[in-house]
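# Commentary on secondary and tertiary structure
Residues per chain, in single letters:
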Amino acid sequence: MKIKQIIIASTLLVSVASFSQKDELKALKKIYAKEIPSASDIADYKSNLNKLEPLATEESDKIYTNFYKCMLPIMEISSLGPAATPAQMMKFVNAKSISDLATGLNATLDFEKKTGKKVYTDDINETIASFKPEMLNYAVALGNQKKYKESSEVLYAIYQLDKKDQENLYYAAGYAVNGEDFDSALKYYKELKTINYSGEKTLYTAKNIATGEVETYDDKNVRDSFIRLKTHNNPKEEKIPSKRGEIYKNIALILLQQNKTDEAKAAISEARKDNPNDTSLILTEADLYYKLNDFAKYKELVGQALAANPNDVDLIFNLGVVSTETKQYDEAEKYYNKVIQLKPDYVNAYLNLSDLKLKPDGKIVEEMNKLGTSAADLKKYDNLKAERVKLFNSALPLLEKAIELDPQNEVVKSNLLTVYNFLELTDKYKALKAKN
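Presented here is an overview of the structure given in this document. No experiment lies behind these values; they were computed from the predicted model shown. (Residues numbered from 1 in each chain as written. Predicted model: local features only at pLDDT ≥ 70, side-chain atom pairs only at ≥ 80, totals over all residues. Heavy atoms only, no water.)

## A closer look at the packing of helix α6 (residues 95–115) against helix α8 (residues 148–161)
Interhelical geometry of α6 versus α8 gives an angle of 15° and a closest axis separation of 8 Å. When the axis of α6 is compared with that of α8, the two are roughly parallel. Seen along the crossing, α6 lies across α8 with a hand that is left-handed. Residues A95, I98, S99, L101, A102, L105 and N106 of α6 touch α8, and the partners they reach there are E150, E153, V154, A157, I158, Q160 and L161. Residues that form the contact of α6 with α8 fall into these classes: 9 nonpolar, 3 polar and 2 charged. (Axes fitted to C-alpha atoms, helices over the stretch in contact; angles between N-to-C directions. Helix = DSSP H or I, 4+ residues; strand = E, 2+ residues; numbered from the N terminus. Parallel < 35°, antiparallel > 145°, perpendicular 65-115°, else oblique. Left-handed = near helix turned anticlockwise from the far one by under 90°. Contact = heavy atoms within 4.5 Å. Nonpolar A, V, L, I, M, F, W, Y, C, P; charged D, E, K, R; others polar.)

## Overview of unusual backbone geometry
For N234, which is not a glycine, the phi torsion comes out positive at approximately 55°. Mapping N234 onto the fold places it in strand β3 (residues 232–240). Judged by relative accessible area, N234 falls into the partly exposed class, the value being 44%. For E424, which is not glycine, the phi torsion reads 60° and is therefore positive. By the secondary structure assignment, E424 is in the loop between α21 (410–422) and α22 (426–434). A residue is classified by how much of its surface remains accessible, and E424, at 64% relative accessible area, is exposed. (Buried < 20%, exposed > 50% of the residue type's maximum accessible area, 1.4 Å probe, protein only.)

## Digging into the packing of aromatic side chains
Per the counting criterion, the structure on display carries 20 aromatic pairs. For the ring pair Y32 and F67, a centre distance of 5.4 Å and an interplane angle of 65° mean the geometry is edge-to-face. Of this pair, Y32 sits in helix α1 (residues 2–32) while F67 sits in helix α3 (residues 59–70), and the two are 35 residues apart along the sequence. The class of Y32 is buried, set by a relative accessible area of 11%. With centroids separated by 6.1 Å and ring planes inclined at 20°, the aromatic side chains of Y148 and Y175 adopt a geometry described as stacked. Of the two residues, Y148 sits in helix α8 while Y175 sits in helix α9 (residues 167–178), which places them 27 residues apart along the sequence. (Phe/Tyr/Trp six-rings, centres within 6.5 Å; stacked < 30°, edge-to-face > 60°.)

## Things to note about the layout of surface pockets
Empty space among the atoms becomes visible once a probe the size of a water molecule is rolled across them. The computed volume of the largest pocket comes to approximately 410 Å³. Every element with two or more residues in the lining of the largest pocket is listed here: α4 (72–78) and α7 (121–144). For the lining of the largest pocket, the leading source of residues is α7, giving 6 residues. Within this model, the second largest pocket holds a volume of roughly 260 Å³. Surrounding the second largest pocket, 15 residues form its lining, K69, C70, L72, K96 and D100 being those nearest its centre. At the level of secondary structure, the elements contributing two or more residues to the lining of the second largest pocket comprise α2 (39–52), α3, α4 and α6. In terms of residue count, the dominant contributor to the lining of the second largest pocket is α6 (5 residues). (1 Å grid on protein atoms, 1.4 Å probe; cavity = no way out; pocket = protein on both sides within 12 Å on 5 of 7 lines; lining within 4 Å. Points joined across faces, edges and corners; volume = space filled by probe spheres on them.)

## Regarding empty space enclosed by the protein
Under the definition given, this model contains 2 cavities of 30 Å³ or more. Here the largest cavity defines a volume of roughly 40 Å³. In this structure, the largest cavity is lined by L192, K193, N196, Y197, R244, I247 and Y248. Secondary structure elements with two or more residues in the lining of the largest cavity: α10 (182–194) and α12 (244–257). For the lining of the largest cavity, the element with the highest residue contribution is α12, accounting for 3 residues. In terms of residue class, the lining of the largest cavity is made up of 4 nonpolar, 1 polar and 2 charged. In this structure, the second largest cavity is lined by P73, I74, V93, S97, I98, L101 and M135. In terms of residue count, the dominant contributor to the lining of the second largest cavity is α6 (3 residues).

## Quick look at α2
Here α2 contains 14 residues, and its C-alpha end-to-end distance of 20 Å stays within 8% of the 20 Å for a straight helix at 1.5 Å per residue. Where α2 is concerned, the buried positions are D41, I42, Y45, N48, L49 and L52. Angular distribution of buried residues about the axis of α2 spans 125°; they occupy a single face of the element. Facing away from the buried surface of α2 by more than 90 degrees, the exposed residues are A39 and N50. (Expected span 1.5 Å × (residues − 1). Arc of directions from axis to C-beta.)

See below:
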């Protein structure tokens, strides 16, 4: 008998919970339907949510409980009325609330698609379209405040809300890098790679005659309609290049930073197969091997890039730097001279070439210090000193040209003062020393 009583009691408890649960859901639905809920409505909404959460056990009830919960910030914004400012609205929004909103709304959409009953599907799509611009403004504001990690999280949440707008994922990855959240950045870049995002497109611009502002459109027909209405003029097109090279590059660089060298090599190798003539990818692979101190491979790859851009002075300069590091001084001198020939105002080429000219000086000084005071040693000393003078004289015009091009360059100034001092060019030394 006691067992039956327990079973009956349990059944009653379940029934009471079920009826209570339905009451809370009805109350939430009623408040949710209000265009401008009052402060007391919001309080009731929160109270019913708190009661409902532990009671929701069926899939349907869990889905809609979570739906009402994730919509709480939107309800609070709605309670502010139509005159609410963006600043007031953003008090109820943060990266987590937007992420929760994305999760809850997507779960509801999936459930209604599965069941074939569109209870809130249209409303959800309207909510996303309505609030997405404000959320994007919020993400931009965070970025402007240098809160890059938070901005990245918001942008990723917005992308989760509307995956058709893949550009938000691209910017989320970029902000994650700026915020040094490299794990998230890698996740976002890999997702961009998976969905084959390129960002390549054409923008259509026209000048608004009334305001004088240049306005941008994604759709040529829309832009052209304003031209036909004669409200705009001066139509132009702007090609936005593919961002795939940058995406693969950043994947490789993050992996390299995480000491996942093999994965980094594989990532850039895969990218090169898909885009064999992409110079930015060639340089990314070159940079990878430079960081790994594989200078032979680096030079080979830079040579490939130079084949496409033979007059790229930065590439040629970098070959000079690598040749110096690998003690191929004749090659380095050839590269620096090539840079100067192509770009006579390239200051660092003069500076590095002057360093190259003075490279043997350390060895000469070491040899001089070993000499004694015999007649033979004194004669050798004079010969070595003459070699030093010759070296310093060869560096002199290079450094003087560099200081002429960049008078505020402290490295050039310091090196030139050393040369003036050694060559006993006292007047020049004092004049340069006196300059700020």
